[in-house]
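Read off the chains here:
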Amino acid sequence: MMDKNTNLTKRSEIAFETKLLSELSHLIEQSQKQIAVYANSTLTVLFWQIGKRINDDVLKNQRADYGKQIVPTLSIQLEQKYGRNFTEKNVRRMMQFAELFPDIEIVVPLARQLSWSHFLILIPLKSEDERVFYAQLAIRDSLGKRDLRKQIAAKTFERTNIANLQVIQSENIPLNTFKDPYLLDFLGLQKGYLEKDVETAILSELESFILELGKGFAFVERQKRIIIDGEDFYIDLLFYHRTLKRLVAIELKLGKFQAKYKGQMELYLKWLDRYERQLGEEAPIGLILCAENSREQIELLEMHKDGIMVAEYWTEMFPKKELERKLHLAVAEARERFEQKKIL
């Protein structure tokens, strides 16, 4: 009996020690993470301060040759004393950093959430709007360096801007919810594909499709069956947006957008609002994906007022220069239409 009690006591002690070790390990690991975040934040702010101090000194002297002389000299001395973080190349990056992010009140909170490596990716971007957009995207979606580079290469900023210009006056669709166009080259579709082929390919590459849609989208159902007046209708894809707290119906269309698609989506959204919307959720919204937009029809129909977004999808990835050219043209056209609409 004593042996049995002894064994029970030992097992209890072992279990207690295991639990205690696990809890202490968790505390240590959490603390290590906090220390790493604090150290990274402190280092990033230091780099900003160094860049700002050199910039101010060079500007005060107002001589280009002085700037050329002081940076190499300083960087050699700093590198010898403090290591490879202070090579001439890195010191010049710090100067760029301080020039492009001039407000320390903005830098400090960003530095708590983004690493110096993130800032090195943001610095070469052309505009302040672009840098702010990708900084916020990296924070919101917890993007690492690799994923941030992917978003920049995929021109997410430009494509989101095009979509925003379509829904900027919408009360139902928040800005930055959609993109236009969507890049679906990962589906591997062959020429002559049908609507069902697009849908099937999306489901087989669902993770990639959700990544292209953006963070917050959760898949609900394919070919959602709804019955109205005894007649069957089917919503191609139904998603739920966790952040927006609303259902998102997606319709896939071949060819150009047609005006009749609006009535179809309106019907689906009203049915979802009546029969599927849960307590605490916002009104459902819709995304119509077409191989080609009909810009003037979409503008005249004012679909954003009904919570409907229309976007193109591209099944082939263009070379970088061609992608930039097409998106630059699309952004210019979208802005021109928006400005004309304001005048009218």
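Procedures and definitions
- Residues numbered from 1 in each chain as written.
- Predicted model: local features only at pLDDT ≥ 70, side-chain atom pairs only at ≥ 80, totals over all residues.
- Heavy atoms only, no water.
- Core = buried A, V, L, I, M, F, W, Y, C linked by side-chain atoms within 4.5 Å.
- Buried < 20%, exposed > 50% of the residue type's maximum accessible area, 1.4 Å probe, protein only.
- Helix = DSSP H or I, 4+ residues; strand = E, 2+ residues; numbered from the N terminus.
- Salt bridge = Lys/Arg side-chain N within 4 Å of Asp/Glu carboxyl O.
- 1 Å grid on protein atoms, 1.4 Å probe; cavity = no way out; pocket = protein on both sides within 12 Å on 5 of 7 lines; lining within 4 Å.
- Points joined across faces, edges and corners; volume = space filled by probe spheres on them.
- Nonpolar A, V, L, I, M, F, W, Y, C, P; charged D, E, K, R; others polar.
- Axes fitted to C-alpha atoms, helices over the stretch in contact; angles between N-to-C directions.
- Parallel < 35°, antiparallel > 145°, perpendicular 65-115°, else oblique.
- Left-handed = near helix turned anticlockwise from the far one by under 90°.
- Contact = heavy atoms within 4.5 Å.
- pLDDT = per-residue confidence, 0-100.
- Arc of directions from axis to C-beta.

A.B. asks: Would you mind showing me how to read the nonpolar core here?
C.D. replies: One broad rule of soluble globular proteins: the nonpolar side chains tend to lie buried together. Phe97, Phe119, Leu122, Tyr134 and Leu148 are the most contacted members of the largest nonpolar core, which totals 32 residues. Of all elements in the fold, only helix H1 (2-61), helix H2 (64-82), helix H3 (88-100), helix H4 (104-113), helix H5 (116-122), helix H6 (128-140) and helix H7 (145-153) reach the threshold of two or more residues within this core.

A.B. asks: When you look at the pattern of salt bridges in this model, what are you seeing that I'm missing?
C.D. replies: Should their charged atoms come close, side chains of opposite charge can pair. Going through the model one piece at a time under the given rule, you end up with 16 salt bridges. Lys253 is the partner of Glu251 in a salt bridge, and the nearest nitrogen-oxygen pair spans 3.5 Å. Judged by relative accessible area, Glu251 falls into the buried class, the value being 3%. Judged by relative accessible area, Lys253 falls into the buried class, the value being 8%. Ionic pairing is found between Arg325 and Glu322, a salt bridge with its closest N-O pair at 2.9 Å. Of the two residues, Arg325 and Glu322 are both situated in helix H13 (residues 320-343); the distance of three residues between them amounts to about one turn of the helix.

A.B. asks: Any chance you could explain the layout of surface pockets here in plain terms?
C.D. replies: Summary: where empty space remains is shown by rolling a probe the size of a single water molecule over the atoms. Empty space within the largest pocket amounts to approximately 1000 Å³. In terms of lining, the largest pocket is formed by 36 residues, of which the most central are Asp141, Gln151, Lys179, Leu211 and Gly214. Listed by contribution, the elements that provide at least two residues to the lining of the largest pocket are H6, H7, helix H8 (156-167) and helix H10 (206-213). By residue number, the principal contributor to the lining of the largest pocket is H10, which donates five residues. Residues of the lining of the largest pocket, tallied by class, amount to 15 nonpolar, eleven polar and ten charged. Volume-wise, the second largest pocket comes out at about 710 Å³. Around the second largest pocket sit 24 residues that line it, and Lys126, Glu130, Lys155, Glu158 and Glu324 are the ones nearest its centre.

A.B. asks: How should I be thinking about the packing of H6 against H7 in this particular structure?
C.D. replies: Packed helices, taken two at a time, are described by their axes: the angle between them and the distance between them. With their axes 11 Å apart at the nearest point, H6 and H7 run at an angle of 135° to one another. Relative to H7, H6 is oriented oblique. With respect to the hand of their crossing, H6 and H7 are arranged in right-handed fashion. Facing Tyr134, Leu137 and Ala138 of H6, the residues of H7 in contact are Leu148, Gln151 and Ile152.

A.B. asks: Whenever I open this one, the confidence of the model for the chain confuses me. Can you help?
C.D. replies: For any part of a model where pLDDT is low, the fine detail of the predicted coordinates should not be relied upon. Confidence in the prediction of the chain, expressed as mean pLDDT, is 86, and 88% of residues score 70 or more. Least confident of the elements in the chain is H1, whose mean pLDDT is 73; most confident is helix H11 (residues 260-275), at 96.

A.B. asks: Looking at this model, I keep getting lost on helix H9 (residues 195-204). Mind explaining?
C.D. replies: Three or four residues apart is the spacing at which side chains of an α-helix point the same way, because the helix has 3.6 residues per turn. Buried residues of H9: Val198, Glu199, Ala201 and Ile202, and no others. The buried residues of H9 occupy an angular sector of 165° when projected down its axis, which confines them to one face. Away from its buried face by more than 90 degrees, H9 exposes Lys196 and Ser204. Against the buried residues of H9 lie H10, strand E2 (217-228), strand E3 (231-241), strand E4 (246-256) and strand E6 (308-314).

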